[in-house]
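Each chain, letter by letter, is given below.
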Amino acid sequence: MMKLSIGDVQPQRMLFDEPILLKCGEILSNYQLTFETYGTLNEEKTNAVLVCHALNASHHVAGTYNGDEKTIGWWDNLIGPGKPLDTNLFFVIGVNNLGGCHGSTGPSSINPVTTEPWGSTFPMVTVEDWVETQARLGTKLGIEVFAAVIGGSLGGMQALQWTIDQPKRLKNAVIVAAAPKLSAQNIAFNEVARQAITLDPEFYDGDFYQQKVLPRTGLKIARMIGHITYLSDDAMDAKFGRSLREDALKFNFDTEFQIESYLRYQGDKFAESFDANTYLRITKALDYFDPAAKCSGKLAATLCHSQANYLVISFTSDWRFSPKRSREMVDALVANKLNVSYAEIDSPHGHDAFLMDEPVYHNLIAAYFDRVWKEGKDE
Amino acid sequence: MSRHNKVRRQDYQIITEMILDGSTVLDLGCGDGSLLSHLKKTRNVSGYGVEKDDRNVLASLSNGINVVQSDLEQGLAGFGDETFDYVVLSLTLQAVHQTETIINEMLRVGRQVIVTFPNFGFWRHRLQIFFGQTPVSKELPYQWYDTPNVHVLTINDFEKFCAHHNVRIIDRVVINETSRSINILPNLLGTLAIYRFDKEQR
């Protein structure tokens, strides 16, 4: 049974005037972040939990807009009153990352210098840059130390990066369905997605806004290929099999199989709602993510200053970031004698399992946040 | 299962006595994490449990211990050499399939290993076999058809194994049902054996 959602929520904006030197070497002299909060920050400001989003999500983590069920937040099944991450206890923050397209400064925003959309001139952003800007948002909200930072997939990578870059500013990191870096295959899929976008004639090298067009075809194909990697072979087979939309084969290139119809629908929907330049940059941020690189590839050495407690979760049928990738993180954490628990959830849903309401998975998150809450109270 | 829990408590008591304050422990097949939780309180250890079962992983997490979900039979790959002061395998040796692999892996990741198992050579077990039945006792509480145990063993079996596998026994405690330490005829009179050992240096 669905537990009650937090109800209607409102996005907020925070402006930052202090320039940020990005990892790529460029400087943004000012920017804004769009975020949402759920629950109440306690007087000691010790119950804040930051939720980091993955490739195509946003700051809208839980709740609805104007009572419209269709606008439900992307992790609403996990976060809310009485839910595994309980907003009756915790002050939860969702933030749209820098470079995003849901209200935070990104390629589709207006560059104040040129008064044109940034487009192709918007700099590359990295996981490190996101962590830095999220930490600055925390500071502005008066949060010195986060009780936890949680994320799935690319969001989990941000949680890991937090423990490396801001070791004193979080107590716990919950890393779900992530990896310590992308494999060649992961990068390969991202590159196909990027090629689809950049070769779309409506892309105009990233400056399509002025042309009043959108590279819909490219984004659509990018989303279709991404979607395949989020599902497992078995899950896809169970959901679609070889079902046809009509009774018989038509021997043409129309949408014949249900899976084709599904992918095209997902692709079309996405192409209308997501910015192509943001998509390109986020896939690059994924490719570049490799915190161990600064310690000659040794993840354990990279984590030597970390102090957080960790919960790492993977899913058996996730072939995008398989359990083996999570174990790499766990083993590096154990080598540093850091507190870490690891669960490998038996799920048929592939990478997308992290977004699903699976009892074994959600019970673990609930038990972990119960610990976080008790530890916070004991101090 | 309360009779079995009593065996577990006896077992925990002796393991705790073998472990030094402030050490690091890997508990294989940690169940709900109660041994590690006990060691944390009484010996200030830091450590991790390894557990396969979903419910036990959740219980361990709720008990506030570090737990890594993994199947022991797959070995301990991922844990570095000599990562832990002690690797503990409590009341589980008789239930593992790959006995040699596990003991070698334990010796690799731990400086010392503590293993406990029910002694199949206990006289009452022998008596049951004499009368033609598979032994059932507090220590071996299962029927032949529902037991997880695949390699029941005696104290003599284990010591022979150690002699042939370059294992140096540091400590041995054998007890009976009333937790009394058995020094005479342990393989006949002991119900539970607790060994602490390491790799023989050659």
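Refer to the structure above for everything that follows.
Residues numbered from 1 in each chain as written. Chains lettered and ligands numbered in written order. Predicted model: local features only at pLDDT ≥ 70, side-chain atom pairs only at ≥ 80, totals over all residues. Heavy atoms only, no water.

Concerning the overall build of chain B
For chain B, the count of helices and strands is seven helices and seven strands. Seen in sequence order, chain B has helices and strands lined up from the N terminus as α-β-α-β-α-β-β-α-β-α-α-β-α-β. In terms of C-alpha radius of gyration, chain B reaches 16 Å, essentially the compact-globule figure of 17 Å for 202 residues. In terms of overall dimensions, chain B has a C-alpha envelope of 45 × 40 × 30 Å along the principal axes. With 202 residues in all, chain B has 51% of them scored as buried. (Helix = DSSP H or I, 4+ residues; strand = E, 2+ residues; numbered from the N terminus. Rg over C-alpha atoms; globule rule 2.2 N^0.38 Å. Buried < 20%, exposed > 50% of the residue type's maximum accessible area, 1.4 Å probe, protein only.)

Some words on the nonpolar core
The nonpolar side chains of soluble globular proteins are, as a tendency, buried together. Counting residues in each nonpolar core, the largest one holds 164 residues, and the members touching the most others are A:Trp75, A:Ile150, A:Tyr279, A:Tyr310, A:Phe369, B:Leu26 and B:Phe158. Those residues within four positions of B:Phe158 in sequence are excluded, and the remaining contacts are B:Leu93, B:Ile103, B:Val115, B:Phe117, B:Leu153, B:Tyr195 and B:Phe197. Ranked by size, the runner-up nonpolar core spans six residues in total, among them A:Leu231, A:Met236, A:Phe240 and A:Leu263. (Core = buried A, V, L, I, M, F, W, Y, C linked by side-chain atoms within 4.5 Å. Contact = heavy atoms within 4.5 Å.)

Describing the environment of A:Leu263
Residues and elements named next belong to chain A. Locating leucine 263 in the fold gives a position in helix 6 (residues 258-273). For leucine 263, a relative accessible area of 9% gives the class buried. Between the C-alpha atoms of leucine 263 and glutamine 166, which are 97 residues apart in sequence, the distance is 39 Å. Those residues in contact with leucine 263, other than ones at most four positions away along the chain, are Met224, His227 and Ile228.

Details of the interface of chain A and chain B
Opposite the 20 residues of chain A that make contact, chain B presents 19 residues. Each partner contributes to the roughly 1,600 Å² buried at the junction of chain A and chain B, and carbon and sulfur atoms together form 55% of this total. Per-residue buried area on chain A facing chain B is highest for A:Arg327, A:Val334 and A:Arg371; these three make up 31% of the total on that side. Where chain A packs against chain B, one counts 11 residue pairs in polar contact (both at pLDDT 80 or more). Elements represented by at least two residues in the side of chain A that touches chain B include exactly helix 9 (323-335), strand 14 (340-345) and helix 10 (359-378) of chain A. Among the elements that line the side of chain A that touches chain B, the one with the most residues is helix 10 of chain A, at six residues. (Buried area = accessible area lost by both parts, 1.4 Å probe. Polar contact = N/O pair within 3.5 Å; in protein donor to acceptor, adjacent residues only side chain to side chain.)

Details of helix 4 (residues 216-230) of chain A
Residue and element names in this part refer to chain A. Taking 1.5 Å as the rise per residue, helix 4 with 15 residues should run 21 Å; its terminal C-alpha atoms sit 21 Å apart, in good agreement. Taken together, the buried positions of helix 4 are Gly218, Leu219, Ala222, Arg223, Met224, Ile225, Gly226, His227, Thr229 and Tyr230. Of the surrounding elements, those touching the buried residues of helix 4 are helix 3 (184-198), helix 6 and helix 7 (276-288). (Expected span 1.5 Å × (residues − 1).)

Examining the pairing of strand 12 (residues 172-176) of chain A
Residue and element names in this part refer to chain A. The element strand 12 is extensively covered by neighbouring structure, given that five of its five residues are classed as buried. Examined bridge by bridge, strand 11 (residues 148-152) and strand 12 share four bridges and lie parallel to one another. Paired with glycine 152 across the two strands is valine 176, which belongs to strand 12. Between the parallel pair strand 11 and strand 12, the chain is carried across by helix 2 (residues 154-165), and the sense of this crossover is right-handed. Sheet analysis places strand 12 next to strand 13 (residues 309-315), joined by five bridges and oriented parallel. (Pairing = 2+ DSSP bridges. Right-handed = clockwise from strand over helix to strand, strands pointing away.)

Here we look at the side chain of A:Lys83
All names here are of chain A. As for its position among the elements, lysine 83 is in the loop between strand 6 (79-80) and strand 7 (85-86). Relative accessible area serves as the criterion here: at 5%, lysine 83 is assigned to the buried category. A distance of 2.7 Å separates the side chain of lysine 83 from the backbone oxygen of aspartate 76, its partner in a polar contact.

Description of the packing of aromatic side chains
With the rule as written, the count across this model stands at 26 aromatic pairs over all chains. Ring geometry for A:Phe90 versus A:Phe369: centroids 5.5 Å apart, planes at 70°, classification edge-to-face. Pair noted here: A:Phe90 is in the loop between strand 7 and strand 8 (91-95) and A:Phe369 is in helix 10, with a separation of 279 residues, a long-range link. Relative to B:Phe158, the ring of B:Phe117 has its centre 5.3 Å away and its plane inclined at 50°; by these criteria the two rings are tilted. Separated by 41 residues along the polypeptide, B:Phe117 in strand 5 (residues 110-118) and B:Phe158 in helix 6 (residues 155-164) bring together distant segments of the chain. Pair check on accessibility: B:Phe117 and B:Phe158 agree, each one buried. In textbook terms, an aromatic cluster arises when at least three aromatic residues are bridged by ring pairs, as seen for B:Phe117, B:Phe158, B:Phe161, B:Tyr195 and B:Phe197. A cation sits over an aromatic face here: A:Arg327 above B:Phe79, 5.1 Å from the ring centre. (Phe/Tyr/Trp six-rings, centres within 6.5 Å; stacked < 30°, edge-to-face > 60°. Lys NZ or Arg CZ within 6 Å of the ring centre and 35° of its normal.)

Topic: unusual backbone geometry
The phi dihedral of A:Thr115 falls on the positive side, at around 55°, and the residue is not glycine. A:Thr115 gets classed as exposed once you look at its relative accessible area, which sits at 58%. The phi angle at B:Asn166 is positive, at roughly 55°, despite the residue not being glycine.

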